[in-house]
Each structure stands twice: as structure tokens, then as C-alpha cells.
Amino acid sequence: MKFTVSREALLKPLQLVAGVVERRQTLPVLSNVLVVLDGLQLSLTGTDLEVEIVGRVTLEQAGESGEITVPARKLVDICRSLPDGAIIDFIEDNQRIIVKSGRSRFTLSTLPATDFPNVEDGRSDLQFSCAQKEIKRLIDRTAFAMAQQDVRYYLNGMLWEVTNEQLRVVSTDGHRLAMCTRQIDVQCAEKVQAILPRKGVIELARLLDNPDAPVDIKLGSNHIRCSTETFTFTSKLVDGKFPDYDRVLPRGGDKLVYGSRTDLKQAFSRTAILSNEKYRGVRLILADGVMTIVANNPEQEEAEEQVTVDYAGESIEVGFNVSYLQDVCTVLDSDNIKFTLADASSSALVEEPDGGDSVYVVMPMRL
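First things first, this report covers the structure right here in the doc. (Residues numbered from 1 in each chain as written. Predicted model: local features only at pLDDT ≥ 70, side-chain atom pairs only at ≥ 80, totals over all residues. Heavy atoms only, no water.)

1. A closer look at the overall build of the chain
Test applied: Think of it this way: any DSSP run of H or I at least four residues long counts as a helix, any run of E at least two long counts as a strand, and we number them from the N terminus. The buried label goes to any residue with under 20% of its type's maximum accessible area, the exposed label to any with over 50%, and the partly exposed label to all in between, with areas taken from a 1.4 Å probe on protein chains only. Any two residues whose heavy atoms approach within 4.5 Å are treated as being in contact. His is not counted, nor are the chain ends, whereas Lys and Arg count as positive and Asp and Glu as negative. Where a charge lies is defined by one atom per residue type, namely NZ (Lys), CZ (Arg), CG (Asp) and CD (Glu).
Scanning the chain from N- to C-terminus turns up seven helices and 24 strands. The 367 residues of the chain split such that 51% are buried. Sequence-distant contacts, at least 24 apart, represent 66% of the contacts inside the chain between residues at least 6 apart. For the chain, the distance from the average position of its 41 positive side-chain charges to the average position of its 54 negative side-chain charges is 4 Å.

This is the structure in C-alpha cells:
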């Protein structure tokens, strides 16, 4: 195996692929990246047995075809440390790979490509294609609400729900819920649901960097595969049943609050400074035309902010985790924001005033 490639052409796909590779592995070959050369097509593959990413680079001149696995982190660090515009030569020699550029020379240990695991290509029940920006928006609008290490493992991921002409994604950690729905060209006789694991969601979002280019999606019973011109992403799905999100959406809230998203976001971040570091609770006190945000902590310190809002109705006081409110204000990009409340013990529905494609639910706290 022998080939020449520019630093810039190699570095981006290499970094994306190496992002999947775990530092601590039970199998030594899993800390390596699989390098395969076939004519002008160079492909790089990284996997942790749950998520697999294949990046593709077209070389300017053909080399000697072959396949080998190379330590991922070391290769990334070497490429990153070389100067801009560097040309890199790769030569396989006696089970080692020699990386040369200018006056620099590195010899890396390798493992045979036959040891590298292959994520099986399961049968796909559903296939569709859409612009990358659609999937990116769905993930960006909801990923923050995924659970991190919940024993309810199905919450440590994101629900994808495909119905006719529509893709909806939902994530929740049991305390808040985020939902985004986009119209896409997909024909689907009945509702199809799949739960992507947290790591898969994060890696997929990093790969979608060409907004108007298409991404082809294949959804099977236990795998999802997303392909673009430059990469193929495959992830196992979480085997579990996602909660019925429709039952969580609050109905019948009659207290509508409209306010400036920027003003509220800034007020939340200022009051958060003196909130309890563990529980992050703040009280929202609503009266005609004004929202008062109050935070206390065990040191008897207090922060209070008043924000002018469009609200008319009886006075109401309700507690929330301020971090959850900040997260929603951050992902929305409208000028204004709409809260729908029923009473002090019911969840808040947060959305853009003109409807939009995203809905957020934040559960109240007892303070």
C-alpha cells in the first residue's frame, strides 16, 4: 500500500472518523482507523461497535491499493501538527506504516485489516433522501434534551418518527422534552419509530456540514445508515420503547405569556448566578405586563429580575430549573418567545409565537 495525499484533504475526514474511536478499548484494533485504498478512492473507517463512520477522499493520483489499520489518535495528531499545505506520503513496509512529509518521518505500528470489525448491513425497511440542513436542524433543535446516563437507557437517545411526508424527532430526560417536526419527501404507509443512541446523534450532527447537499437515509429494524458524497454513517438503534410523548404535551393552558427571547435569556442567565448550584431553581412570578424572576441559594443570597412581557390575567407563581429555560431560549432563534401555562403545578409549553416547527415542555419544580 502506497499513496500521496495533501494534509487538508486528509485531515477533515480523518478527524470525523477518529471522533467515533474510543480511547479505552477492549479490542486493540478498535483504537485504530481502517485505511483502504482502491485506485483513486481512499476510505477511512472508525467504529466503536455501536457507531461506524466511513470517510472518503478522492486522490489526485493513484497509489498502490491495499488495506491496513493505523492508530487513530496518533495519526490525527501527526496530520494536525504538520504545516498547512503539506503533502503526506504513506508507505506500508513490513507491517508498519511510514508517514513522510518534508523533513518529517513517522513510523507507526499497524494491525491487519482482517481484524477490523464490520458493522453488519441489516435489511432497511425505509429509505428516503432530504437536504442535510433538514436533519441538522432537527438535531440542533432537540439534542440538548437527551438524557446523559439515565438508567432508562431509551432516554439516552433521540426518537425518530417517520410518517407520510414528515420526520419528527423527540428527546427527553424526564424533566423536559424537545420536539421538532419537518416536512420531507418520504412515503410511509404506517408510522415508523427508531431510537438513535446519544453518541450516534452527536456524531451525525458533526458530519452534516453541507446544508444543501442531499443525505440518503436507510432505516432498518436495528440499524440506521446515512450516506452523503463524502461519508457513510451507520449506527445501531436503541432497543427499547420510547415514552408516549403526546401524553406529556400539556393541554388546556389558558395563561399565555409573550416576551422578548433575548431579554428573557439574559435575565435567566443573570438570576442563575445566585440559584442553588445543585437544583438550579428559579421562581417566575407573573402579573399584568411583567414577569419577575427570583433565585435564592442556601447562603441566603437572592437575585431578582423584572422583564416586561405581554401577559394579562391573574397572578401566578411557578418554579422551574433555570438551566432548562436557558437551553430553550438558546436553541430558538425567533425574536419573541411564547409560554403557555395552566397553573403552578403544571408543565410549561414553550414555542415560537408564530407556531414554528419546534415545541418544548419544561416540568415545574417545587421551591
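2. With respect to the packing of helix 6 (residues 261-272) against helix 7 (residues 322-331)
For the record, the criterion: Every angle, taken between N-to-C directions, lies between 0 and 180 degrees, and every axis is a line fitted to C-alpha atoms, over only the stretch in contact when it is a helix. For classification, angles of less than 35 degrees are called roughly parallel, those exceeding 145 degrees roughly antiparallel, those between 65 and 115 degrees roughly perpendicular, and all remaining angles oblique. Each crossing gets its handedness from the near helix: less than a right angle anticlockwise from the far helix is left-handed, clockwise is right-handed. When residues are sorted by character, Ala, Val, Leu, Ile, Met, Phe, Trp, Tyr, Cys and Pro go into the nonpolar class, Asp, Glu, Lys and Arg into the charged class, and all the rest, Gly among them, into the polar class.
Between helix 6 and helix 7, the shortest axis-to-axis distance is 9 Å and the interhelical angle comes to 150 degrees. Relative to helix 7, the element helix 6 lies roughly antiparallel. By crossing handedness, the relation of helix 6 to helix 7 is classed as left-handed. Contacts between helix 6 and helix 7 pair Arg261, Lys265, Phe268, Ser269, Thr271 and Ala272 from the former with Val322, Leu325, Gln326, Cys329 and Thr330 from the latter. Per-class residue counts for the contact of helix 6 with helix 7 are five nonpolar, four polar and two charged.

3. A closer look at the pairing of strand 1 (residues 2-6)
The test is simple: The criterion for strand pairing is that DSSP finds at least two bridges linking the strands in question.
Judged by which residues are buried, strand 1 turns out to be one-sided: Phe3 and Val5 face inward and are buried, whereas Lys2, Thr4 and Ser6, on the alternate face, are not. When strand 1 meets strand 6 (residues 87-93), the two strands line up antiparallel, connected through five bridges. Within strand 6, the residue paired with Val5 across the bridge is Ile88.

4. Some points on the sheet that holds strand 24 (residues 355-362)
Taken in spatial order, the eight strands line up as 13-10-11-12-24-23-22-17 in an open sheet, and their pairing is antiparallel. Of all the strands in the sheet, the pair left with one neighbour each is strand 13 (192-197) and strand 17 (255-260). Adjacent strand axes in the sheet meet at a mean angle of 20 degrees, parallel and antiparallel pairs treated alike. Contacts between helix 3 (residues 132-142) and the sheet are confined to strand 10 (157-163), strand 11 (166-172), strand 12 (176-183), strand 23 (348-352) and strand 24, with strand 12 contributing the most and set at about 165 degrees to the helix. Taken strand by strand, helix 6 contacts strand 17 and strand 22 (336-341), and its axis lies near 90 degrees from that of strand 17.

5. Concerning the sheet that holds strand 1
Spatially, the four strands line up as an open sheet ordered 1-6-7-8, and their pairing is antiparallel. In this open sheet, the two strands that pair with only one neighbour each are strand 1 and strand 8 (104-109). Strand-to-strand twist of the sheet, defined as the mean angle between neighbouring strand axes without regard to direction, takes the value 20 degrees. Relative to strand 8, strand 7 (residues 96-101) runs antiparallel, the two sharing six bridges. Each residue of the ladder has a partner; that of Ile98, found in strand 8, is Thr107. Running over the sheet, helix 1 (residues 7-18) touches strand 1 and strand 6 and is turned about 95 degrees from strand 1. Along the sheet face, helix 2 (residues 72-81) touches strand 6, strand 7 and strand 8 and points at about 175 degrees away from the line of strand 8.

6. Comments concerning the packing of helix 3 against helix 4 (residues 198-207)
Remark: helix 3 packs on helix 4, axes separated minimally by 10 Å, with the N-to-C direction vectors making an angle of 140 degrees. In terms of orientation, helix 3 and helix 4 fall into the oblique class. In this structure, helix 3 crosses over helix 4, and the sense of that crossing is left-handed. Contacts between helix 3 and helix 4 involve Gln132, Ile135, Lys136 and Ile139 from the former and Val201, Leu204, Ala205 and Leu207 from the latter. Class assignment of the residues belonging to the contact of helix 3 with helix 4 gives a composition of six nonpolar, one polar and one charged.

7. Looking at the environment of Leu237
Within the secondary structure, Leu237 is located in the loop between strand 16 (231-236) and helix 5 (245-248). Classification of Leu237 as buried rests on a relative accessible area of 15%. Contact partners of Leu237, with chain neighbours within four places excluded, come to Ala194, Ile195, Leu196, Pro197, Gly220, Ser221, Asn222, His223 and Ile224.

8. Some points on the side chain of Asp173
Among the structural elements, Asp173 can be located in the loop between strand 11 and strand 12. Not counting residues within four places of it along the chain, the set of residues in contact with Asp173 comprises Ala145, Met146, Ala147, Asp150, Arg152, Leu155 and Tyr324.

9. Considerations on the pattern of salt bridges
Which entries qualify depends on this criterion: What makes a salt bridge here is a side-chain nitrogen of Lys or Arg within 4 Å of a carboxyl oxygen of Asp or Glu, nothing more.
Applying the stated criterion to the full structure yields 24 salt bridges. In this structure, Arg152 and Asp150 form a salt bridge, with 3.0 Å as the shortest nitrogen-oxygen distance. Between Glu305 and Arg270 there is a salt bridge, with its nearest N and O atoms 2.7 Å apart. Taken together, the positions of Glu305 in strand 20 (residues 302-308) and Arg270 in helix 6 put the pair 35 residues apart, joining distant regions of the chain. Taken together, the shared-partner salt bridges connect Glu134, Arg137, Arg141, Arg182, Asp333, Glu352 and Asp357 into one network.

10. Focus: the nonpolar core
Going by this rule: As used in this record, nonpolar core signifies buried Ala, Val, Leu, Ile, Met, Phe, Trp, Tyr and Cys residues forming a set joined through side-chain atoms within 4.5 Å.
Ranked by internal contacts, the top residues of the largest apolar core, which has 66 residues, are Ile135 and Trp160. The greatest single-element share of this core, amounting to six residues, is contributed by helix 1. If you look at the next biggest cluster of nonpolar residues, it comprises 33 residues, including Val282, Met291, Val322 and Leu341.

11. Structural notes on the state of the cysteines
Worth spelling out the cut-off: Disulfide assignment relies on a single distance test, namely cysteine sulfur atoms paired within 2.5 Å.
Counted under the stated rule, the structure contains zero disulfides. Distance from the sulfur of Cys130, which forms no disulfide, to the nearest cysteine sulfur (Cys226) is 8.8 Å. When its relative accessible area of 9% is taken as the criterion, Cys130 is described as buried.

12. Some points on helix 1
To keep things clear, this is the line we draw: For a helix, the expected span equals 1.5 Å multiplied by the number of residues minus one.
The terminal C-alpha atoms of helix 1, which comprises 12 residues, lie 16 Å apart, in line with the 16 Å expected from a rise of 1.5 Å per residue. For helix 1, the full list of buried residues reads Arg7, Leu10, Leu11, Pro13, Leu14, Leu16, Val17 and Ala18.

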